[in-house]
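Fold and contact review
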Amino acid sequence: KMSKYEAESKHKISKWGTWGCEVSKFDWEYSGTETAYVLEGEVLVTPTGAWASCKPTKVEAGDLVVFPDGMTCVWDVTKPIKKHFNFS
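Quantities reported herein were computed from a predicted structural model and do not represent experimental measurements.

Turning our attention to the pairing of strand 3 (residues 34-47). With 10 of 14 residues buried, strand 3 lies mostly within the body of the structure. Here 4 bridges tie strand 3 to strand 5 (residues 64-67), and the two strands are oriented antiparallel to one another. Note on strand 5: the bridge partner recorded for threonine 35 is valine 66. Summarising the sheet, strand 3 and strand 6 (residues 72-87) pair through 12 bridges and their orientation is antiparallel. Across the sheet, valine 43 pairs through a bridge with valine 77, a residue of strand 6. With 4 bridges connecting them, strand 3 and strand 4 (residues 57-60) associate as antiparallel partners. Pairing of glutamate 42 across the sheet is with glutamate 60, part of strand 4.

Cut-offs and rules
- Residues numbered from 1 in each chain as written.
- Predicted model: local features only at pLDDT ≥ 70, side-chain atom pairs only at ≥ 80, totals over all residues.
- Heavy atoms only, no water.
- Buried < 20%, exposed > 50% of the residue type's maximum accessible area, 1.4 Å probe, protein only.
- Helix = DSSP H or I, 4+ residues; strand = E, 2+ residues; numbered from the N terminus.
- Pairing = 2+ DSSP bridges.

Written out as structure tokens, the structure is:
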């Protein structure tokens, strides 16, 4: 876990884009490496396809995560989520 203050001082997250969604479940494919800081909510990310050998991971408020370019997965949003994101 990382505080919002720490994420701001280390990564300048306030300059990143912001995205959010309600409780839902959907397939996703990353086109670019995404670093995200979760402001609120919770999602279970289950890798699929070539990434299926990776275990499902719960991502929640306070987590700083990196999703690799080309990763395919299912997003199961269990609590409405809001995040800052940056592609590299």
